[in-house]
Amino acid sequence: MSRPVIFDLFHTLIHGADEERDRVVGEMAVMVGLTPAELVAAYHATWRDRLVQWDVEETIRILAGRLGGTPTNEQVTRAGEHRRALGRRVLDSVSTATLDVLDALRGDGHPLALISNATSDTAEAWPQSPLAHRFDVAVFSCDVGLAKPDPAIYHLAAERLGVRPAECVFVGDGADGELAGAAAVGMTVFRTTEHNDTDPGWGGPTFPALGDLPGMLREPFKVMEPAE
Ligand SMILES: [Mg+2]
C-alpha cells in the first residue's frame, strides 16, 4: 500500500492569511462597537483558547466582555458571519497546482489526512472547500480539543486512517513544533517552504515546492519506528 500522507493546512496547502485575519478582526470590532486594535490584540492573546475551545460567537462574546463591550446578539451574529466568510475565502484560495498534487497522490494510492491547528471558522468551512473531498480524514484542533504538537492528535489521525503513525508521512511548514511532534510519534517528516520558511532549524528533508512531493514519495524509504 502507498503510505498515508498527513498534511498541515496553513502555510502548507494554503497561505496563512495573517494580515487579512487582522484586518477582518478589526472590521468585526467596528461591528460590535469595540476598538479595532484592542480586539486584534485580544485575538492574538487568546490564540490557544480559540484553537481548542471557543467557537466563533463565543470568542466574540468573551473578548467583547473582557474589553468592556456589550454587543447585541445581532451584532455578534453579523461579526461572526464576517469571520466565517474569511474562513471560506482562505480555504477557497487553494491553488490549482496544490489540488493537482493532491490528485496525483491519490492517483498513486496514498490515503490523505489533514491535521490542522485551526479555529472553528476554518473547520466549519472545510466540508464545502475544494480540498475536503480529496481527504480521507480531517482533524481540526477546535473539533477535538487537542493541538499539535500533542502526540494525541497525531495518533488520532493515524487511528482514523486505520494505520500506525510509523506508516505515515507528515508534511508541514513547521509552525507550533509540528514537525518534531510528528517525528516523536514515528512519522516520516517532510518540511515544505512553498508558502513560508517557518522552521529553518529543522534538520530533516525539506522541499521548496509541493509539486516535488509525489516524486519524492515514489522513492523507496524505510519506515521509522518511534523511539521508546
Ligand atoms: Mg502550518
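Residues numbered from 1 in each chain as written. Predicted model: local features only at pLDDT ≥ 70, side-chain atom pairs only at ≥ 80, totals over all residues. Heavy atoms only, no water.

In the nomenclature of an unreviewed UniProt entry, the protein chain corresponds to HAD-IA family hydrolase from the organism Micromonospora parastrephiae.

On inspection of all chains with the given rule, the structure shows one cavity of 30 Å³ or more. By volume, the largest cavity amounts to about 60 Å³. The wall of the largest cavity is formed by Tyr43, Arg50, Trp54, Asp55, Val56, Thr59, Arg83, Thr119, Ser120 and Asp121. Put simply, the parts of the chain that give the lining of the largest cavity at least two residues each are helix H4 (56-66) and helix H7 (120-125). Taken together, the residues of the lining of the largest cavity sort by class into three nonpolar, three polar and four charged. When residues of the lining of the largest cavity are assigned to domains, at least three map to each of domain 1 (5-14 + 95-218) and domain 2 (18-91). (1 Å grid on protein atoms, 1.4 Å probe; cavity = no way out; pocket = protein on both sides within 12 Å on 5 of 7 lines; lining within 4 Å. Points joined across faces, edges and corners; volume = space filled by probe spheres on them. Helix = DSSP H or I, 4+ residues; strand = E, 2+ residues; numbered from the N terminus. Nonpolar A, V, L, I, M, F, W, Y, C, P; charged D, E, K, R; others polar. Domains from an automatic or database assignment.)

Our focus in this paragraph is the domain arrangement of the protein chain. Domain assignment breaks the protein chain into domain 1 (5-14 + 95-218) and domain 2 (18-91). Distance from the C-alpha centre of domain 1 to the C-alpha centre of domain 2: 27 Å. With 22 residues of domain 1 at the interface, the matching set in domain 2 holds 16 residues. Counting the surface lost from both domain 1 and domain 2, the interface buries some 1,400 Å², and carbon and sulfur atoms represent 61% of this. Broken down residue by residue, the surface that domain 1 buries against domain 2 is led by Thr119, Asp121 and Glu124, which jointly contribute 32%. The tally of links from domain 1 across to domain 2 stands at two salt bridges. Where Arg83 meets Asp121, a salt bridge forms, and the shortest distance between an N and an O atom there is 3.3 Å. (Contact = heavy atoms within 4.5 Å. Buried area = accessible area lost by both parts, 1.4 Å probe. Salt bridge = Lys/Arg side-chain N within 4 Å of Asp/Glu carboxyl O.)

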